[in-house]
Amino acid sequence: MTVAEERIERLAELARAAARGGEDDRARYYVRLARRVAERNRLVLPRKFRRFTCDDCDAYLRPGRNARVRLRDGHVVITCDCRAQARYPYIDG
Amino acid sequence: MALTPETLVRHELNGLPVRVAESDDSSRVGLLGRVVVETTNTLQVETGGGGSGRVVTVPKDGSVFEFAITDDAAGDERSPGTAFKLADAQPSTPASPESEDRAGADGAGRPDGDPSRGQRRGAGENVAYVTVDGSRLLSRPARRTETSGDSPWQ
């Protein structure tokens, strides 16, 4: 595991902790920094990170707090407080 | 590449417990807290715990930082008081050899385990204290990782 991968992991943790503590701007800063590190090192961000951050405003999403999660036919729609929507599929179990 | 004294300069600083060992501004010396925001030229240190503390901006240039590395540096909430007192009793690293080391290493590639890369001290309970001259951290936060990569081609 490279330093860059570990940085991204730690930044995701920090972002989540900051979002839980109500410091949304700081969580945003950590998310942006993690994205930048991934970009510079040509890494794919972890799936959990991609699904729990807003592509538009870089907020760390906490379902029920600053994100709305709705199930549609075959996919999940997650709506950030900034009204950006992300969709990803789910498989009926 | 875990967070070790060797990789600290390239690793994530946000979230690490830190003590300002030396500073041009004497009022910042001894400042104890956690790094919350890093910019190119400064570290913002949150003193006191749990988001209630005050955030102090410390310039990297002209400061010497002492980072505490634990096995789980990101997650656990240690009580910093006693552990840092132990480190306080020890003499701190002079700034000049570190900057020389950096200048020389740029061309030649750094040998592994070079003792001048950061002073290491064992202090029990899996905590290591690493003293780093702030001038070695002068970089954009996202670019610090790349200054000497893990690639054998560099």
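Residues numbered from 1 in each chain as written. Chains lettered and ligands numbered in written order. Predicted model: local features only at pLDDT ≥ 70, side-chain atom pairs only at ≥ 80, totals over all residues. Heavy atoms only, no water.

Under an unreviewed UniProt entry, the name given to chain B is Ribonuclease P protein component 1, and the source organism is Saliphagus infecundisoli. Of chain B, the UniProt comment under Function (unreviewed entry) reads exactly: "Part of ribonuclease P, a protein complex that generates mature tRNA molecules by cleaving their 5'-ends." (UniProt positions renumbered as here; feature names shortened; annotations may be inferred.)

The name an unreviewed UniProt entry gives chain A is Ribonuclease P protein component 4, with Saliphagus infecundisoli as the organism. What the UniProt record of chain A gives under Subcellular location (unreviewed entry) is the line "Cytoplasm". You can read under Subunit (unreviewed entry) in the UniProt record for chain A the words "Consists of a catalytic RNA component and at least 4-5 protein subunits."

Draft legend 1. View of the nonpolar core. Counting 21 residues, the largest nonpolar core has L11(A), Y30(A), V37(A), F49(A) and Y60(A) as its most contacted members. Looking at this core, the elements with two or more residues in it are α1 (3-20) and α2 (24-40) of chain A together with β2 (32-38) of chain B. Ranked by residue count, the leading element in this core is α1(A), at 8 residues. Residue contacts for V37(A): discarding those within four places in its chain leaves A4(A), R7(A), I8(A) and A142(B). Judged by nonpolar contacts, the second largest core, of 19 residues, contains L8(B), L31(B), V45(B) and V58(B). (Core = buried A, V, L, I, M, F, W, Y, C linked by side-chain atoms within 4.5 Å. Buried < 20%, exposed > 50% of the residue type's maximum accessible area, 1.4 Å probe, protein only. Helix = DSSP H or I, 4+ residues; strand = E, 2+ residues; numbered from the N terminus. Contact = heavy atoms within 4.5 Å.)

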